[in-house]
Every structure is written in C-alpha cells, then in structure tokens.
Amino acid sequence: MRLYTGFLVHPLPQGGLEYLLDGALVVSDFGQIVFMGARADALCDYADIPEEHCENAVILPGMVDTHVHLPQYEAAAIGTGELLNWLNTYIFPLEARFADEEYAHIQSQRFFYDAVRLGTTTMSVYCSSHRRATDIAFEAAFHAGLRVCMGKTMMDNNAPENILYSPDENINDSLALAKAWHGAGNGRLQYTLTPRFAGSCSRELLKKTGETAHAEGLRIQTHLSENPSELRFIAELFPEHASYTDVYHAYGLLTDKTIMAHSIYLSSQEKSLLKAHNCAIAHCPCSNRFLQSGVMALRQMLNEGLRIGLGSDVAGGSSLSMFNEAKEAAESSKTWNILHRAQEMPTVGAEEALWLATLGGARALGLDEVIGNFTVGKDADFIVCDLNEILPQKSSFVSPENIISRLVYGAHPHVVSKTVVQGKVVYQKQNSR
Ligand code: GUN
Ligand code: FE
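In this report, the structure presented in the accompanying data block is examined. (Residues numbered from 1 in each chain as written. Chains lettered and ligands numbered in written order. Predicted model: local features only at pLDDT ≥ 70, side-chain atom pairs only at ≥ 80, totals over all residues. Heavy atoms only, no water.)

## What about the packing of helix α4 (residues 131–144) against helix α5 (residues 167–181)?
Where α4 contacts α5, the two axes come as close as 10 Å, and the packing angle between them is 20°. By the angle class used here, α4 and α5 are roughly parallel. The two elements α4 and α5 meet at a crossing, and its hand is right-handed. Note on element contacts: α5 touches α4 through Asp173, Ala176, Leu177 and Trp181, opposite Arg131, Thr134, Asp135, Phe138, Glu139 and Phe142. (Axes fitted to C-alpha atoms, helices over the stretch in contact; angles between N-to-C directions. Helix = DSSP H or I, 4+ residues; strand = E, 2+ residues; numbered from the N terminus. Parallel < 35°, antiparallel > 145°, perpendicular 65-115°, else oblique. Left-handed = near helix turned anticlockwise from the far one by under 90°. Contact = heavy atoms within 4.5 Å.)

## Considering the coordination of the iron ion (ligand 2)
Protein ligation of the iron ion (ligand 2) involves His67 (NE2), His69 (NE2), His223 (NE2) and Asp313 (OD), the donor distances falling in the range 2.1 to 2.2 Å. Geometry at the iron ion (ligand 2) is irregular, judged from its four donor atoms and the angles of 90 to 172° they form at the metal. Written as a sequence motif, the donor residues of the iron ion (ligand 2) are H-x1-H-x153-H-x89-D. Of the two residues, His69 is situated in strand β5 (residues 63–69) and His223 in strand β10 (residues 219–224); the sequence distance between them amounts to 154 residues. Using a relative accessible area of 7% as the deciding quantity, one classes His223 as buried. (Donors = N, O, S within 2.8 Å, 3.2 Å for Na, K, Ca; no water. Tetrahedral: all angles 85-135°; square planar, octahedral: opposite > 155°, others 65-115°. Buried < 20%, exposed > 50% of the residue type's maximum accessible area, 1.4 Å probe, protein only.)

## Quick notes on the nonpolar core
Counting residues in hydrophobic clusters, the biggest one holds 113 residues, and the most contacted among them are Leu60, Phe112 and Phe323. Setting aside anything within four residues of it in sequence, one finds Leu60 in contact with Val9, Phe323, Leu354, Phe374, Phe382, Ile383, Cys385, Ile404 and Leu407. Judged by nonpolar contacts, the second largest core, of 14 residues, contains Tyr4, Leu20, Ile33 and Ala57. (Core = buried A, V, L, I, M, F, W, Y, C linked by side-chain atoms within 4.5 Å.)

## A closer look at the site of ligand 1
Near ligand 1 there are 13 residues, and of these Gln72, Leu83, Arg196, Glu226 and Asp313 occur at the shortest range. Between an oxygen atom of ligand 1 and a side-chain N or O atom of Gln72, the distance comes to 2.8 Å. Note that a nitrogen atom of ligand 1 is positioned 3.4 Å from one of the side-chain N or O atoms of His223. When each cavity is represented as a set of grid points, ligand 1 is found to reside in the largest cavity. With three residues, the top contributor of residues to the shell around ligand 1 is helix α2 (residues 83–96). Its residues placed into classes, the shell around ligand 1 shows five nonpolar, five polar and three charged. (Near = heavy atom within 4 Å. Polar contact = N/O pair within 3.5 Å; in protein donor to acceptor, adjacent residues only side chain to side chain. 1 Å grid on protein atoms, 1.4 Å probe; cavity = no way out; pocket = protein on both sides within 12 Å on 5 of 7 lines; lining within 4 Å. Sits in = over half its atoms within 2 Å of the grid points. Nonpolar A, V, L, I, M, F, W, Y, C, P; charged D, E, K, R; others polar.)

## As for the pairing of strand β12 (residues 280–283)
Every second residue of β12 is oriented toward a common face, with Ala280 and Ala282 on one face and Ile281 and His283 on the other, all of them buried. You can see the chain leave strand β11 (residues 258–262), run along helix α9 (residues 268–276) and come back into β12, and the turn it takes is right-handed. Examined bridge by bridge, β12 and strand β13 (residues 307–310) share four bridges and lie parallel to one another. If you follow His283 over to β13, its bridge partner there is Leu310. (Right-handed = clockwise from strand over helix to strand, strands pointing away. Pairing = 2+ DSSP bridges.)

## Regarding the sheet that holds strand β15 (residues 416–421)
Across the sheet, which stays open at both edges, the seven strands sit in the order β3-β2-β1-β4-β14-β15-β16 with mixed pairing between neighbours. Single-partner strands in this sheet number two, and they are β3 (33–38) and β16 (424–428). When strand polarity is set aside, the average angle formed by the axes of neighbouring strands in this sheet is 35°. Taken strand by strand, helix α3 (residues 101–117) contacts β15 and β16, and its axis lies near 95° from that of β16.

## Some points on the layout of surface pockets
Its boundaries defined by the atoms lining it, the largest pocket holds a volume of some 260 Å³. Around the largest pocket, the lining comprises 14 residues; the ones closest to its centre are Leu302, Leu306, Trp355, Leu356 and Arg363. Put simply, the parts of the chain that give the lining of the largest pocket at least two residues each are β13 and α13 (350–364). Looking at the lining of the largest pocket element by element, the count peaks at seven residues for α13. When its residues are assigned to classes, the lining of the largest pocket shows six nonpolar, four polar and four charged. (Points joined across faces, edges and corners; volume = space filled by probe spheres on them.)

## Some words on unusual backbone geometry
Note the cis peptide between Val314 and Ala315, where omega equals 10°. Residue placement: Ala315 occurs in the loop between β13 and α12 (322–339). A positive phi angle is found at Asn186, which is not glycine, with a value near 55°. Exposure remark for Asn186: the relative accessible area of 61% places this residue in the exposed category. With a phi angle near 75°, His262 is a residue other than glycine that sits in the positive phi range. The residue His262 is located in strand β11 in this model.

## Observations concerning the packing of aromatic side chains
Inspection of every chain in the model, using the stated rule, returns 10 aromatic pairs. Centre to centre, the rings of Phe98 and Tyr103 are 5.1 Å apart; their planes meet at 75°, and the pair counts as edge-to-face. Note on Phe98: relative accessible area 3%, which makes it buried. Given the relative accessible area of 10%, Tyr103 is considered buried. Between Tyr244 and Tyr248, the aromatic rings sit 5.6 Å apart at their centres with planes inclined by 35°, giving tilted as the arrangement. Of this pair, Tyr244 and Tyr248 are both found in helix α8 (residues 244–250), four residues apart, which corresponds to roughly one turn of the helix. By relative accessible area, Tyr244 is classed as buried at 7%. Using a relative accessible area of 0% as the deciding quantity, one classes Tyr248 as buried. Here the aromatic residues Tyr73, Phe111 and Phe112 are joined through ring pairs into a cluster of three or more. In this structure, Arg97 is placed above the aromatic ring of Tyr103, and the distance from its NZ or CZ to the ring centre is 4.0 Å. Sitting above the plane of the Tyr165 ring, Lys152 keeps its charged end 4.3 Å from the centroid. (Phe/Tyr/Trp six-rings, centres within 6.5 Å; stacked < 30°, edge-to-face > 60°. Lys NZ or Arg CZ within 6 Å of the ring centre and 35° of its normal.)

By themselves, these observations are geometric and do not establish any function.
Put into structure tokens, the structure is as follows:
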C-alpha cells in the first residue's frame, strides 16, 4: 500500500470541486483508492505505511483526453486552413507514413510519453488506418502504462488510396485488434470502433460498423458537425438523411458507448437524438479555433444535460496538454458570450473546466465508475502538480480557488511532477525544484 499526503483537489459527482488542504490518499497494492480524507486520520489508521508527503504541490485526478489523433502528433501547431483542406494537405499524407512500422513505433512512444508528462492518464485515441500501426500503438500504450480507448481509423472513401481499406478489411482488422487488446493491461486498454466520419465512410462501412458495435458491445468514436464546409459535404453525400446526426442514427452508430467529437452545429432534433441514445460529446475548443470551425455553445449543451468531456483533438488542437484544453474551454465559453451578447450565459470558469477535464471526461467515456475523482474503490489515477510552477515565489493569491485558476489558465508545460495510473508511477519529473 502507498500513502500520499498533501493538498488534494477533486471533482464531485454533483458538480464543483472538493478541496482538502491537508489530505491523504491511500492506494492498495492493486492500484485502488482505499482511503481519501484527512491526513491526520490516515496517519492514525495507516500508521505502518510510510508517508509520501507532496510538499508545495496539488494532487489532482489524472486528466482525461476524450478525443485525440495519435498519427497527427507531428503536425500539432503546424498548418493553416479549414478542416477539409487541412486534412488533404497536412493530415492524410502524414497518416500514410504509418505504413512504416519503425516510424509508427517511434511516434507512438513519443505520443504517450508526452501525454503522461503533461498529466493525462486516459485518452480516447484515433490511430492511423493501418492495422499494424494500431497494434504498435497499443503496445506503446501498454508500456507507457496509461489508460486508452483506441482504434484503427476506418475509411473507405474520399481520401488517398493508400490509406483506404474495404469495409470488410476495416471491420475484420478492427475485430482482430479488439480480440488482441480489448481489456488488456488489467482493463486499461480498450478497443473503440473508429469510423473517421461520414465523409470518409461508405454506407456499407457505416452499416457494418453499427452491426459490429451491437454484436460485440464495442465502443464507437467519430466526428460530428464540426465545420460549415464539412456540413455541406455530408449533406451532398447523404441527401436522403434529415441531418448529419441522422446519418449515424440510420446506421446504428448512436449508442451509450458512442462519443462524438465537436458537435458544434446541432439542431434541437439532433441533440434530442444524441440524448435519446445517451451518446457523449468530446468538446475540442482548441481545434475549433485552430481550424476556424466555430464556437460550441458549451453552457447550453451542459444545461440540456448532454454528457460532455474535453478533447485535445491533436493536431486540430495544437497541444496534448489538457490544462491547455481546459483553459480554452473556459475562454471559448466567453467567446460565445461575446458573439451572442443578447443571450449571454454564465461562463465556464477554471474550476468547472477542470471538472470537465477529469470527471466530465470519465463520464463521457463511461469510465466514471473507475476513474475521474478520488472516491474510495476507484482506481488511483492521479497527478502531482508542482506549486512552484504555478505561483510566483511570494504570491498573495494562494486561496485554493486561485491556485486552480492559475493551474488552468497558466497551463504550464512543466507543472506535472508525477503521474500515477492504477497506483503505478508512469511518469516522474527529474530535477523537481
Ligand atoms: N474530421 C474527419 N477527420 C478529422 C480529423 O482528423 N480531425 C478533425 N479535427 N476533424 C476530422
Ligand atoms: Fe478529431
């Protein structure tokens, strides 16, 4: 067992954060939280366990990235233009490089190493369309020790030939990968059926994806309603459907294990469809700005009871840091208000953004029984953040709320000093100050 003590902050199921200034977390040998509460009580009840006191630090649940593309990491913060041109110019050629196993291996290792270094403990990942590169990505995730819901990106239309596969190849490869990896790493690795979006999938592929998800009980991730030119493209491709969401509905892709990235321009009927099927949404504000896609009405969607997590959407988003994404979620909710002065809504602040990046993401991935906060019985996925990186030496703004505000808005790249998944240290910063 391990006993960690210090300043604990974690999200509560009913909303808001709980602050324990002098708190303690006891972790079993199986990586589960067996105690969370006051340090004094822990020191008494667990007197025989050596204390690991986290001085000048804040202990938080690990960050959850609900939408990210591994093979695009090299293009993060590079390129211009909007979605469809950007995909053709920068992204498809880059994803094609994952046919090279050596390249896939190096990129996958780097991707997961950087994620845990930035405090992310769970990721919902799109790999390239290659079966072997996806296998290599699972191996890398296994060795990095973090938690992933991940799949081979399925495409059979509207992209270069060298990254397209037939519907049967896509489904058979996905099933083989699911068989090899789903549930591996003590449940940390899960397989997700990953049709890229309706724009790169034929009706046959969409239909087979829906049937496979139902038959196998697998997760689904895809993109929905992201960019105006994409909306026009989908309407031209699928004129027989009432809406973009209806395309996915018709092929059985709306399930309670489905997560839709973006979902900016949804009609009320589309939102009702998502709600009726209990689908989740990955809100990706950095990407929505970088690709000039739009500003999602986050507050309204939260008020309407949609299940929403945050996604970096690298390389649409330019950083793997979920602190950065949380900051952008807060800023984007203000931008929405600037653009809609007459319908002004309460903005999303730093605390709520952190809630969305942790428990919100866990809920969106249906993992909130296992991770997302420090409830006893959940897995110990947590990070230790260095207050020296957050606050100037002699700050007078040291209230718990201000610390969280600095943490989110500062999004400092070196703020994480330790990352723990299922009780195991997967990253430890060297030369901590
Ligand atoms: N829509 C279809 N593919 C992609 C992608 O790779 N990134 C983003 N942001 N949107 C997409
Ligand atoms: Fe994306």
